[in-house]
Amino acid sequence: MKILDTKYMGLRLKNPIIAGSCGLTSTVEGIKKLAESGVAAVVLKSVFEEEVIKEHEETLKNNLGAFENNMEFLDYFDYQIKDDVLKNMASLIEEAKKEVDIPIIGSLNCATSGEWISYAKQLEKAGVDALELNVFKLPFDVEMEADAQEKLYLSIIEKIKEQVKIPVAIKIAPYSSNLAALVKKLESAGADAITMFNRFYNVDFDIMTDEVKAGNPYSSEQDYYNTLRWVSIMSGKVSCDLSASTGIHSAETAIKMLMAGTTTVQVVSKLYKDGIGSVAGILKNIELWMDKRGYVSVDEFRGSVHHEPTENSERFERVQFMKYFSGHNPQQIL
Ligand SMILES: Cc1cc2nc3c(=O)[nH]c(=O)nc-3n(C[C@H](O)[C@H](O)[C@H](O)COP(=O)(O)O)c2cc1C
């Protein structure tokens, strides 16, 4: 019997596998199936402030007419729509908590700092065990200074931590002019965990119609390298928990992330591609590997291969294909 128990942001998890935020965690039915498949926690589909605003605009357009200039009515509508979205989320949380005995982590993506705090407090009130803040916005403004976005992240985490008692994780993008420094600052700002990394909606082109279309939303099993590099580099440098996300499709990749020092791993694309039941196979294969290596608990190998300034460091820091590192022999191809 292997001990897969993990402590994540102070929460006791029966194993290190979390179902990451996505459509599968947006219904009680999905959450139940995920819990049955063996995940130790779920991160709910994010509440997007932008979506709430859009819904608000649509409803106004379709319904207001004669009330167009009535500010009090507009205010009421604004309140009402936001209230409805959060009420739906609160009943999802309440029902899910009745049905499953694994921690439920709420997820938020807000556009304005006031709303971050208000939504965070309401999710806490609704009973989530922790929060994950999904913060990235594409910095396409050519006038924006490099550190403006980072300052925004830091102020969001600081303010939310002042207002809620539950643990708070922040889910970040891999894009930053100084990722290592950002991760360290997020920890100092109070983050209980940092989820590395989010994967975003990608754009693609149709070359026959000139249309802009959605790219493949799912990661492949090769997409984990960047996460592995960064969790390895940061795990010895921060004391908050790290959760790995992107490209975790197998027991082998999950084990690598744990060896690199993460407390948990989050799976999403694997669930869409191979079904929710695939979690059971990942857990079984982690146990088989532990058996082969003679490990009894996950804690015995967590962090065993992370970045140390003296050992291994060149392997993690090297980004260029120099002949000493690339492992490719052109003679094999020529
Ligand atoms: C269909 C879909 C919906 C997603 N929705 C959210 C979301 O609402 N909030 C969020 O933080 N991440 C969301 N994500 C990102 C995932 O949580 C995850 O970070 C990302 O897909 C990388 O993990 P993976 O390689 O296991 O897919 C979504 C991903 C997919 C594929």
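Refer to the preceding data block for the structure.
Everything numeric in this text was worked out from a predicted model, so none of it was measured.

Quick word on helix α10 (residues 278–293)
Each α-helix winds once per 3.6 residues, and so residues spaced three or four apart point in a common direction.
Here's step 1: If you check α10, its first and last C-alpha atoms are 23 Å apart, about what 16 residues at 1.5 Å a residue would give, namely 22 Å.
Here's step 2: Listed in full, the buried residues belonging to α10 are S278, V279, I282, L283, I286, W289 and M290. Viewed along the axis of α10, the buried residues span an arc of 145°, placing them on a single side of the element. Residues K284, D291 and K292 are exposed on α10 and point more than 90 degrees away from its buried face.
Here's step 3: Contacts made by the buried residues of α10 are with β3 (17–19), α1 (28–37), α8 (251–260) and α9 (269–274).
Here's step 4: Directly beyond the C-terminal end of α10, a positive phi value near 75° is found at G294.

Some points on the packing of helix α5 (residues 148–163) against helix α6 (residues 179–188)
Here's step 1: Viewed as axis vectors pointing N to C, α5 and α6 meet at an angle of 20°, and their least axial separation amounts to 9 Å. Classified by the interaxial angle, the pair formed by α5 and α6 is roughly parallel. As for the relative orientation of α5 and α6, their crossing is right-handed in sense. Counted together, E150, Y153, L154 and I157 of α5 and L182, K185 and L186 of α6 form the full contact between these two elements.
Here's step 2: Here the residues of the contact of α5 with α6 are counted per class, giving 5 nonpolar, no polar and 2 charged.

Focus: the site of the ligand
Here's step 1: Near the ligand you find 20 residues, and of these S21, S46, S219, G247 and S269 are the closest.
Here's step 2: In isolation the ligand has 610 Å² of accessible area, and contact with the protein removes 90% of it.
Here's step 3: More than half of the atoms belonging to the ligand lie within 2 Å of the grid points that define the largest pocket.
Here's step 4: Across the shell around the ligand, the residue classes tally to 8 nonpolar, 9 polar and 3 charged.

Re the layout of surface pockets
Here's step 1: If you add up the space inside the largest pocket, you get close to 1200 Å³.
Here's step 2: When contributions to the lining of the largest pocket are tallied by element, the ones reaching two or more residues are α2 (49–63), β13 (264–267) and α9.

Digging into empty space enclosed by the protein
Here's step 1: Under the defined criterion, the tally for this structure stands at 1 cavity of 30 Å³ or more.
Here's step 2: Its boundaries defined by the atoms lining it, the largest cavity holds a volume of some 30 Å³.
Here's step 3: Together, E50, N109, C110, A111, V135 and K137 line the largest cavity.
Here's step 4: A breakdown of the residues in the lining of the largest cavity according to their chemical character gives 3 nonpolar, 1 polar and 2 charged.

Details of the packing of aromatic side chains
Here's step 1: In this structure the tally under the stated criterion is 8 aromatic pairs.
Here's step 2: Seen from their ring centres, Y175 and F200 are 6.4 Å apart, and the 35° between their planes marks the pair as tilted. Within this pair, whereas Y175 is found in the loop between β8 (168–172) and α6, its partner F200 is found in the loop between β9 (193–196) and β10 (203–206), the two being separated by 25 residues in sequence.
Here's step 3: Considering the side-chain rings of Y224 and Y225, the 4.5 Å spacing of their centres and the 40° angle between planes classify their relative orientation as tilted.
Here's step 4: Residue Y224 is classed as buried on the basis of its relative accessible area of 8%.
Here's step 5: By the ring-pair criterion, three or more aromatic residues cluster together here, those being F136, Y175 and F200.

Cut-offs and rules
Residues numbered from 1 in each chain as written. Predicted model: local features only at pLDDT ≥ 70, side-chain atom pairs only at ≥ 80, totals over all residues. Heavy atoms only, no water. Helix = DSSP H or I, 4+ residues; strand = E, 2+ residues; numbered from the N terminus. Expected span 1.5 Å × (residues − 1). Buried < 20%, exposed > 50% of the residue type's maximum accessible area, 1.4 Å probe, protein only. Arc of directions from axis to C-beta. Contact = heavy atoms within 4.5 Å. Axes fitted to C-alpha atoms, helices over the stretch in contact; angles between N-to-C directions. Parallel < 35°, antiparallel > 145°, perpendicular 65-115°, else oblique. Left-handed = near helix turned anticlockwise from the far one by under 90°. Nonpolar A, V, L, I, M, F, W, Y, C, P; charged D, E, K, R; others polar. Near = heavy atom within 4 Å. Areas by Shrake-Rupley, 256 points an atom, 1.4 Å probe, with all protein chains shown as cover. 1 Å grid on protein atoms, 1.4 Å probe; cavity = no way out; pocket = protein on both sides within 12 Å on 5 of 7 lines; lining within 4 Å. Sits in = over half its atoms within 2 Å of the grid points. Points joined across faces, edges and corners; volume = space filled by probe spheres on them. Phe/Tyr/Trp six-rings, centres within 6.5 Å; stacked < 30°, edge-to-face > 60°.

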